[in-house]
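Working through the structure, step by step
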Amino acid sequence: MRILIKPKKTKYRLGTLFGFIAFFLISFSPATDPLERIISAFEKYLTESPQEKVYIHVDREDYAAGETIWFKAYLTAGPYHEPSLLSNTIYLELINSSGEVIQHHMLFSPDGFAAGQLELPESLPAGNYLLRSYTNWMRNSGEDYFFHKQLQIWNGQSQIHEQLAQENLDIQFFPEGGSLVEGIMSKVAFKAIGTDGLGKFVKGRILDGEKVIAEFESNQFGMGVFALLPEKGKQYKAQIESNSHEVILPSPLESGIVMSVTNSPKSSDILIKIQATENSTLQSVFLLAQTRGIVGASSKADLSKKIVFVRIPKTEFPSGIAQITALDETGNPLAERLVFIDQQDQMTITASMNKSVYKPREQVQVDIEVKDKEGNPVAANMSLSVFDGSQVALNENKETIQSNLLLSSELKGHIESPGYYFNSTNQDREKELDILMLTQGWRKFTIKQALSENAPDPIYRVERGLSIRGVLTGGKNNQPIAEGQISYLSLFPIPESKTATSNATGEFEIHDVIFFDSTKVILQGKSPNGKAATVLTNDYHPSHKLSYHIPSTFIWGSDLQQNFMTKAIERQAIDKAFDFDNSEFDLQGVEVQANRIDVPSPTSSTYGVGTVQMQVAGNIGLENQQHPLDLLRGRVAGVQITGYGESAKILIQGVNSINSSMEPMIMVNDIQVKLESLQTIPVHEIEGYRVWKGADTAIFGARGANGVIGFYTKKEIGGAIAASEKDERLQVIGYQIAKEFYSPKYPLQELNQAKLDRRATLFWAPNIQTDSHGKASVSFYNSDAENVIYGEIEGISRGGKPGTSRFSYIIEK
């Protein structure tokens, strides 16, 4: 019997309601059909628990201690990998081979993108390290969903020994669909992994007692497949040729089904064959095929003749891994198979230059053009790395944003050289990819989860900012205070105030606040009776147990890596020789004569002196006021203030409002804020204030139609609030501030001509965006290298289509 499934495609976009899923059922029976419940569960999963993914693009693969790792973070959400608008906070960690987190950073990602750097100390030991990245929301699904990338970091000052651990081979066998069944021919895949977690070439034979019934040989990644017809009552074993190691194969079932799938790249359909044993009581099975929760096809297949063939059009699925499951009438999975579908619909990135050979230190311009499958221009966000091919190897099979989003992030375990399956120069990549599908475990939303009516609520929230946690205490013994109020204020980068209430044990949390780098913020605590209380804060960042294996074995690298280390030591020596900022010089005394320059008033404003200005600092009568508005109450002509605190009303006479409201514009340090936020500013922190009214408000335009009041705080360098013993201060580490990659401009820097340029990374551009024509351009200057230079571009479109591109050119004199 042959069945052709022609389902309708489901359209889904993050933040919208999931549309009606149309599906074609054969011999449909409402009373026993589990598909409706499963499809409904997938629908709920997509709308209520959209999956986030993080991908980190780094400027290269190898680093030396003392160097900087430059990176770009891409955060997507939902089944179509659109840039995430859920989480604003991305966590990035550098972990050593002992599992210790040695660096932890928080990245601000309001639109799904963030850039930054990891500065490696010169004392960092050589070894294998891991980059791990995730959001708080991703923690609900476990570490399998996190981004992981292994790095090698070298240190020429530390002694490196080649460590060769005893090789232990782990080989596993995977019958297609899940089980061997007596009397039915099956494909059996296998995977051999060494101590280092990488695939190992193996060759061997399948034995029935002493009789050889099949032979097998793996590919370069330790994987392969062979055919086996299990006989009744037989137990089979595999014998490895190199060491006579034997492994018992899974025992065949006496009764059941075998699902065999053919996914030929030359066919527009997926062919499924389901065969049951003669003693099977199954009269029908239900089929469900889905990709990332998007149901592409579902049907009921008649098994009364013990065999059935089903065709599913590939056009019903987005690019990526499709999970095909056969179920009984209760929804119990009987067989499962993963296949990869490539719609060839990813965005195409083209990089072009006006020539292929350049001189040392010559300027290079790279023109970038991005198109979709139909050749239309694409709005894309990309990052570019250009590196010296004599120091850094070009790995065409490494992880990319395309292989990560479509492959690695969907499977359990480490995928070796995932870029291999997307590299068109590898002629056997589609065949090898299908073998990979037979050996890897599915880790996404499962049928069992879909049928569970008591799915647990998420433990970890979506973070729109950072969190501050602590305890409110008071009294002689600093006992915890319940139901107390904690006020938070930060003026950098934007004025922001929030309040929180302590729980029964005095603990409090303030969520979704935004601050960068090392910032001082104000935290004030009050007990329920209004008395001042002490705020004790806790350093907080998510801690998640590491289950990813980092090889402790560190092997001295190839000739290329040794050359990289030699050049790294040379670079450090050159940099120190030309580092005049950290050099010491013995200068003779000189006499300097000049006119004094008056320092501007601490209350200077970009909007001028205003109509009225008042100095508060040093005026005891003003510094003892309770609220910033009390500084003006009855003291400024034409300004009427009625009420107190949040209920205060302000009217500035002499203005003609063009707005429906009469409330004046309020500023703190020249930044507009809401009136209610003033209550979080201690009066003794105010340096002074100004009032603009009448014709003086013209500089503000329509915003100043009702007059303007500006308060100016005592400041430290960087805009942080000045320290004071009267308030609780918190020095907090916020979001990392991305630095700019240094790229010399030789025509303008004649003084640097003597300094040798041995850059490993010639150029790093993390924020390239195409225009309406899908185009962008970047330019940089070459180093002194006379070698092949490689460039790698990665990025994603607004619609979630990833893309990668590589280019190269030569530097010679």
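Since the model is a prediction, treat every value here as computed from it, not as a measurement.

Let's shift gears to the overall build of the protein chain. Of the regular secondary structure elements, the protein chain holds six helices and 47 strands. When contacts within the protein chain are restricted to residue pairs at least 6 apart in sequence, long-range pairs at least 24 apart make up 70% of them.

Under the criterion given, the structure shown has 24 aromatic pairs. Measuring from ring centre to ring centre gives 6.3 Å for F190 and F226, while their planes differ by 35°; the resulting arrangement is tilted. You can see F190 sitting in strand β12 (residues 186–193) and its partner F226 sitting in strand β15 (residues 223–228), a full 36 residues away along the chain. Judged by its relative accessible area of 6%, F226 falls in the buried class. Both rings, one in F221 and one in Y421, keep their centres 6.1 Å apart while their planes meet at 50°; by these two values the pair is tilted. Of this pair, F221 sits in the loop between β14 (211–217) and β15 while Y421 sits in the loop between α2 (401–406) and α3 (429–439), and the two are 200 residues apart along the sequence. Both residues of the pair, F221 and Y421, count as buried. Put simply, the rings of Y55, Y74, F113 and F147 pair up and form one aromatic cluster.

Keep in mind that most residues, glycine aside, have a negative phi and that most peptide bonds are trans. With a phi close to 60°, E483 is a non-glycine residue in the positive phi region. Of the residues examined, E483 reaches a relative accessible area of 56% and is grouped as exposed. If you check the backbone angles, D512 has positive phi at about 60° while not being a glycine. Topologically, D512 is positioned in strand β33 (residues 507–513). The class of D512 is buried, set by a relative accessible area of 18%.

The buried count for strand β46 (residues 788–797) comes to eight of ten residues, which makes it a mostly enclosed element. In this structure, strand β28 (residues 380–388) lies alongside β46, joined through nine bridges in antiparallel fashion. Bridge pairing links V386 to G791 in β46. Relative to strand β47 (residues 802–811), β46 runs antiparallel, the two being bridged by nine bridges. Along β47, the bridge assignment pairs G795 with G803.

Looking now at the nonpolar core. Across soluble globular proteins, nonpolar side chains have a tendency to be buried as a group. If you look at the biggest cluster of nonpolar residues, it comprises 52 residues, and the most contacted ones within it are I56, L131, Y488 and I510. Among the elements that make up this core, the one with the highest residue count is strand β4 (residues 68–77) (five residues). In this view, L131 contacts I56, V58, L92, E93, L94, L118, F147, H148, K149 and L151; residues no more than four positions away in its chain are not counted. Counting 25 residues, the second largest nonpolar core, distinct from the first, contains L632, I652, V668 and F711.

Further remarks concern α3. Here α3 lies mainly inside the structure; nine of its eleven residues are buried. Within the sequence span of α3, burial applies to R429, E432, L433, D434, I435, L436, M437, L438 and T439. As for α3, its buried residues are in contact with β11 (170–175), β12, β15, β23 (320–327) and β24 (333–341).

Considering every residue of the protein chain, the mean pLDDT works out to 84; 84% of them sit at 70 or more. Taken together, the stretch residues 596–602 has pLDDT below 50 and engages in one contact with residues farther than four places along the chain or on a different chain. Across residues 716–727, confidence stays below pLDDT 50; counting only partners more than four residues off in sequence or on other chains, it has 28 contacts.

Counting buried positions over the eight residues of β12 gives six, a clear majority of the element. Where β11 meets β12, six bridges bridge the pair, whose relative direction is antiparallel. Residue Q172 lies in a different strand from β12, and its bridge partner there is K191. Bridge analysis of β12 against β15 gives six bridges, and the strand direction is antiparallel. Pairing of F190 across the sheet is with G224, part of β15.

Next up on the list: the side chain of N263. Within the secondary structure, N263 is located in the loop between β18 (257–262) and β19 (269–276). A residue is classified by how much of its surface remains accessible, and N263, at 16% relative accessible area, is buried. Polar contacts involving the side chain of N263 include one to the side chain of K314, which spans 3.0 Å. Of the polar contacts made by the side chain of N263, one reaches the backbone oxygen of F340; its length is 2.9 Å.

The next thing to look at is the sheet that holds strand β7 (residues 101–108). In space, the five strands of this open sheet follow the order β3-β10-β9-β6-β7, with mixed pairing throughout. In this open sheet, the two strands that pair with only one neighbour each are β3 (62–64) and β7. Strand after strand, the sheet turns through a mean of 25° between neighbouring axes, direction not considered.

Pairing is antiparallel in the open sheet, where three strands are placed in the order β25-β27-β45. At either margin of the open sheet sits one strand with a lone partner, and together these are β25 (348–352) and β45 (775–781). Strand-to-strand, the axes of this sheet are offset by a mean angle of 20°, without reference to chain direction. Examined bridge by bridge, β25 and strand β27 (residues 363–371) share five bridges and lie antiparallel to one another.

Rules of the game
Residues numbered from 1 in each chain as written. Predicted model: local features only at pLDDT ≥ 70, side-chain atom pairs only at ≥ 80, totals over all residues. Heavy atoms only, no water. Helix = DSSP H or I, 4+ residues; strand = E, 2+ residues; numbered from the N terminus. Contact = heavy atoms within 4.5 Å. Phe/Tyr/Trp six-rings, centres within 6.5 Å; stacked < 30°, edge-to-face > 60°. Buried < 20%, exposed > 50% of the residue type's maximum accessible area, 1.4 Å probe, protein only. Pairing = 2+ DSSP bridges. Core = buried A, V, L, I, M, F, W, Y, C linked by side-chain atoms within 4.5 Å. pLDDT = per-residue confidence, 0-100. Polar contact = N/O pair within 3.5 Å; in protein donor to acceptor, adjacent residues only side chain to side chain. Axes fitted to C-alpha atoms, helices over the stretch in contact; angles between N-to-C directions.

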